[in-house]
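Below, each chain spelled out in residue letters.
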Amino acid sequence: MGPSALPPSPAGSRRFALLAARWRVAGQRPVDDECDLGEGAKRVFAERQEQLAGFTAALTECQAGNGRLLAVTGPFASGKTSLLRAFAEHAAGSFHVLRATGARSERELPLSLVGQLSHDLPLAIGPAGRAELVREAHSIAVRHGRGSPVPAARLARIRHNATAALLAAGERTPLLLTIDDLHHADPASLHCLLYLVRRIRSARVLVVVSGSEPAEPADPETYAELMDQASGDHLALAPLSRHGIGELLAEALGERPADLLVDACERATGATRC
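This is a predicted model, so every value here is computed, not measured. Every residue gets a number counted from 1 within its own chain, in the order that chain's sequence is written. pLDDT decides what is reported in this predicted model: residues at 70 or higher carry local features, side-chain atom pairs at 80 or more are listed and counted, and totals for whole chains, interfaces and linings draw on all residues regardless. Side-chain descriptors were evaluated using all non-hydrogen atoms of the structure, hydrogens and water having been removed beforehand.

A. A look at the environment of Asp181. Here Asp181 shows up in the loop between β3 (175-180) and α7 (187-197). For the pair Asp181 and Gly102, spaced 79 residues apart in the sequence, the C-alpha separation amounts to 5.0 Å. In what follows, a contact means two residues having at least one pair of non-hydrogen atoms within 4.5 Å. Not counting residues up to four positions away in its chain, the partners in contact with Asp181 are Thr101, Gly102 and Ser210. Numbering of helices and strands runs from the N terminus; a helix is a DSSP stretch of H or I covering at least four residues, while a strand is a stretch of E covering at least two.

This is how it looks when you write it as structure tokens:
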């Protein structure tokens, strides 16, 4: 322990024990804390100001009719999920937000992401249109579960209908789509997303995806092509530095953390020493 190190107080240790049970050291506060991406952003996220600023700028451009794809990338446990959650909370006041998450158990389930997004489509497209998309996605999943091939023409139709519905909804209220763990997305969902992203440059639709590095996508070729669409709009997350970990702990505990505690967190997360 360095000369300036102080052992953590019993109260601080108890608070950290509770925090550790709910928190992954990835630039993240406990999930039930408030998130403010305005002037208070630094109170919640450490060393993520550049990414937050990039997202805020993309929101402004999208409202003006300039849609795009943002890709949040980084190693496992670097805070991608927390950042996407914060993005969604920040945009909720002026955007209609749709969320989906890729899952390892659904990598082979056709249109798993489309099914998730369809349930939350805005009423602007009409209940009949939304119900049709949900029904189509479910029908394809059932067909796949029975071992029956899904006709390419049917996949193309739902790809077109889903994209048309999202673009039409964005004309009334800007849309934000957040898709976490894109590397687990099934191939059919990746093709649908790529089809959409190619058509949002003049639309009020913003798509934000996250992918872990390294990871093996379900469809590496389509995944790479999709990520290429975010060229120049990658929000890369590096592991927190030792300084960032100390800042985060001080914010969470309400007091300066002991060097031993910062050291332990640094070892656990592989942070860069600076």
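Next comes the rest of the write-up.
B. Seen up close, the packing of aromatic side chains. Centres within 6.5 Å make a pair out of two Phe, Tyr or Trp rings, where for Trp the six-membered ring is used; the pair is then stacked when the planes are under 30 degrees apart, edge-to-face when over 60, and tilted otherwise. Evaluation of the coordinates by the stated rule reveals one aromatic pair. Ring plane angle 10° and centroid distance 3.9 Å describe the contact between Phe55 and Phe87, whose orientation is recorded as stacked. In this pair, Phe55 sits in helix α2 (residues 49-63) while Phe87 sits in helix α3 (residues 80-91), placing the two residues 32 residues apart along the sequence. Accessibility expressed as a relative area gives 0% for Phe55, which makes it buried. Working rule: Lys NZ or Arg CZ, within 6 Å of ring centre, within 35 degrees of ring normal, means a charge sits over the ring. Across from the ring centre of Tyr195, 3.6 Å away, lies the NZ or CZ of Arg199, which sits over that ring. Here's how the labels work: a residue is buried when its accessible area is under 20% of the maximum for its type, exposed when over 50%, partly exposed in between, all with a 1.4 Å probe on protein chains only.

C. Molecular detail of the nonpolar core. For this analysis, a nonpolar core means a set of buried residues of the types Ala, Val, Leu, Ile, Met, Phe, Trp, Tyr and Cys, connected via side-chain atoms within 4.5 Å. If you look at the biggest cluster of nonpolar residues, it comprises 39 residues, and the most contacted ones within it are Leu177, Ile179, Leu182, Leu193, Val207, Val209 and Leu226. Here this core takes seven residues from α7, the largest share from any one element. Core analysis: the second largest hydrophobic core is formed by 19 residues, Leu52, Ala58, Leu235 and Leu237 among them.

D. Geometry of the packing of helix α6 (residues 152-172) against α7. For every element, the axis is a line fit to its C-alpha atoms; helices are fit only across the contacting stretch, and the angle between N-to-C directions ranges from 0 to 180 degrees. Following both chains from N to C, one finds α6 and α7 inclined at 45°, their axes separated by 9 Å at the closest point. Between α6 and α7, the crossing angle belongs to the class labelled oblique. Regarding α6 and α7, the two cross each other, and that crossing is right-handed. Contacts between α6 and α7 involve Leu155, Arg159, His160, Thr163, Leu166 and Leu167 from the first element and Ala188, His191, Cys192, Tyr195 and Leu196 from the second. Under the scheme applied, nonpolar residues are Ala, Val, Leu, Ile, Met, Phe, Trp, Tyr, Cys and Pro; charged residues are Asp, Glu, Lys and Arg; polar residues are all the others, including Gly. Of the residues assigned to the contact of α6 with α7, the class counts are seven nonpolar, three polar and one charged. The labels follow the angle: roughly parallel below 35 degrees, roughly antiparallel above 145, roughly perpendicular from 65 to 115, and oblique for the rest. For any pair of crossing helices, the crossing counts as left-handed if the nearer helix is rotated counterclockwise from the farther one by less than a right angle, and right-handed if it is rotated clockwise.

E. View of α2. Helix length check: α2 (15 residues) gives 21 Å between terminal C-alpha atoms against 21 Å at 1.5 Å per residue, within 8%. Of all the positions in α2, only Gln51, Leu52, Phe55, Ala58, Leu59 and Cys62 are classed as buried. Down the axis, α2 shows its buried residues gathered within 125° of arc, on one side only. Next to the buried residues of α2 lie β1 (68-74), α3, β3, β4 (205-212) and β5 (234-236). Directly after α2, the chain includes Gly65, whose backbone phi takes a positive value near 95°. In a helix, the anticipated span is given by 1.5 Å times the number of residues less one. By arc we mean the arc of the directions from the helix axis to the C-beta atoms, nothing more.

F. A look at the environment of Leu59. The topology assignment puts Leu59 in helix α2. Using a relative accessible area of 7% as the deciding quantity, one classes Leu59 as buried. With 147 residues separating them along the chain, Leu59 and Leu206 place their C-alpha atoms 7.3 Å apart. Not counting residues up to four positions away in its chain, the partners in contact with Leu59 are His90, Ala91, Phe95 and Leu206.

G. Region of the structure containing α6. With 21 residues, α6 ought to run about 30 Å at 1.5 Å a step, and its terminal C-alpha atoms sit 31 Å apart, in line with that. Buried within α6 are the following residues: Arg154, Ile158, Ala162, Thr163, Ala165, Leu166, Ala169 and Gly170. Taken end-on, α6 shows its buried residues confined to a sector of 160°, consistent with a single buried face. Counted as exposed and oriented over 90 degrees from the buried face of α6: Ala152, Ala153 and Glu171.

H. Seen up close, the sheet that holds strand β2 (residues 96-101). Judged by pairing direction, the sheet is parallel, and its five strands sit side by side in the order β2-β3-β4-β1-β5 without closing on themselves. Strands with a single pairing partner mark the edges of an open sheet, and in this sheet they are β2 and β5. Going from strand to strand, the sheet's axes swing by 15° on average, the running direction of each strand aside. Two strands are counted as paired when DSSP detects at least two bridges linking them. Here β1 runs beside β4; their pairing, made up of seven bridges, is parallel.

I. Expanded view of the pattern of salt bridges. The salt bridge criterion pairs a side-chain nitrogen of Lys or Arg with a carboxyl oxygen of Asp or Glu, the two atoms within 4 Å. Inspection of the entire model under this criterion finds eight salt bridges. For Asp233, the salt bridge goes to Arg68, with nearest N and O atoms at 3.0 Å. Here Asp233 is found in the loop between α8 (220-228) and β5, whereas its partner Arg68 is found in strand β1, with 165 residues between them in sequence. By relative accessible area, which is 15% here, Arg68 ends up buried. As a salt-bridge pair, Glu136 and Arg157 come within 3.5 Å of each other at their nearest N and O atoms. With Glu136 in helix α5 (residues 127-145) and Arg157 in helix α6, this pair connects stretches of sequence that are 21 residues apart. Three or more residues joined by partner-sharing salt bridges are found here, namely Glu61, Arg68 and Asp233.

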